[in-house]
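# An overview of the molecular structure
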Amino acid sequence: MDSASLKVGLAQAMASLPEGPNWAYEPKFDGDRTTVQRGQHTVTLRSRAGRVVNASWPDLVAAAMRLPEGVLLDGEVCVWRNGRLDFGAVRSRASSTSIRARQLAKSMPASFAAWDVLAHPDHGDDLRNWPYSERRRILVDLLTPLGPPLQPVPMTTDITEARIWFEVLPEQGLEGLVAKRLDGPYPRRRSGGWQKIRHADTVNARIVGYTGPVSRPTHLVVELPDGRVALTRSLTAALRAQVAPALRDSGPGRAARTRSGERYTTCGRGPVVEVEAGTTRHSTVTATRVR
């Protein structure tokens with residue numbers, strides 16, 4: 001992507017930011033969506049799909065034991081490396097055995113970027129209908145004294161500051177911004193309530209590998225037009241069904257690893273897929289359809 005196209009893309013994206021006195025803006029972190037629940041004697045981390053993922057994140061489990069009993073947080077598990085977010089490192093840890101995960105916790109420590117609190121013993125078992133401004137206040141009061149690796153995501157109500165964030169934060173691997181109404185409840189559907197403005201371009205990419213079984217691949221390894229080789233986010237069920245026959249036809253592959261250590265299987269001349277690729281070097285890639 002040339003600099004002129006990038007400037008046009010940035011201007012178009014920033015123009016789509018909702019503006020007004022009732023809006024707040026947060027950076028969109030690049031990691032795995034996860035909830036953290038503090039029980040009476042335990043902590044439970046769950047993935048977006050509801051799977052318990054404690055074994056992958058022992059460092060966050062230990063840190064979350066400092067939370068009051070009854071707290072439920074929503075946010076993103078992230079890994080920072082060399083001052084940037086590294087989604088490949090997140091996937092490497094998430095797919096590791098429990099023994100390997102404990103080792104990686106030392107070399108690739110995780111952080112939890114919390115953007116919401118859904119329950120708190122001092123305020124109620126279900127805060128989802130409370131205004132975002134109140135939930136945000138409770139979240140900051142809860143996590144600020146604890147410090148890393150449990151931290152509230154930054155937030156601003158200043159549209160000018162939000163636009164500056166949108167321009168400069170991709171250098172750290174952040175995907176864009178999330179706009180939220182100050183009086184809005186927690187959205188109970190993925191599509192409801194929050195507006196996401198991403199740094200991304202739609203481009204064609206060649207599949208060079210995949211994770212999971214060839215009959216049901218979970219992620220693709222793709223070569224982007226600028227030469228980057230990237231691991232995509234999890235594939236939808238429909239896209240898995242479309243990609244699997246082409247992967248089988250490409251012939252037997254060999255075991256390989258991404259630069260961040262993720263295991264995958266190479267493939268021959270794989271098909272081309274359309275992807276939304278971040279404009280930053282460390283951004284995530286989302287496969288949308290087979291070309």
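Rules of the game
Residues numbered from 1 in each chain as written. Predicted model: local features only at pLDDT ≥ 70, side-chain atom pairs only at ≥ 80, totals over all residues. Heavy atoms only, no water. Helix = DSSP H or I, 4+ residues; strand = E, 2+ residues; numbered from the N terminus. Buried < 20%, exposed > 50% of the residue type's maximum accessible area, 1.4 Å probe, protein only. Polar contact = N/O pair within 3.5 Å; in protein donor to acceptor, adjacent residues only side chain to side chain. Arc of directions from axis to C-beta. Contact = heavy atoms within 4.5 Å. pLDDT = per-residue confidence, 0-100. Lys, Arg positive; Asp, Glu negative; His and termini not counted. Salt bridge = Lys/Arg side-chain N within 4 Å of Asp/Glu carboxyl O.

Examined against the element boundaries, E171 turns out to sit in the loop between α6 (159–168) and β8 (176–181). Residues E171 and G83 lie 88 residues apart in sequence; the distance between their C-alpha atoms is 9.3 Å.

Let us look at the side chain of E26. Mapped onto the fold, E26 is located in strand β1 (residues 23–28). On the basis of relative accessible area, E26 is assigned to the buried category, the value being 2%. For E26, the side chain forms a polar contact with the side chain of K180, separated by 2.9 Å.

The next subject is unusual backbone geometry. Of note, the amide linkage connecting P148 to P149 takes the cis form, showing an omega dihedral of 10°. Of note, P149 is situated in the loop between α5 (132–143) and β7 (150–152).

Now for helix α4 (residues 98–107). Within α4, the full set of buried residues consists of A101, L104 and A105. One face of α4 carries all of its buried residues, which in axial projection span an arc of 110°. In α4, those exposed residues whose orientation departs by more than 90 degrees from the buried face are I99 and K106. Contacts from the buried residues of α4 go to α2 (58–64) and α3 (87–94).

Right, let's talk about the confidence of the model for the chain for a bit. The share of residues in the chain with pLDDT of 70 or more is 88%, and the mean pLDDT across the chain is 84. When pLDDT is averaged over each element of the chain, α5 comes out on top at 97 and helix α1 (residues 3–15) at the bottom at 48.

Along the chain, R38 turns up in strand β2 (residues 32–38). The side chain of R38 is buried and forms no salt bridge, while E69, the nearest opposite charge, is found at 6.0 Å. At a separation of 3.2 Å, a polar atom in the side chain of R38 contacts the main-chain carbonyl oxygen of L67. Those residues in contact with R38 that sit more than four places away from it in its chain are V43, A64, M65, L67, P68, E69, G70 and V71.

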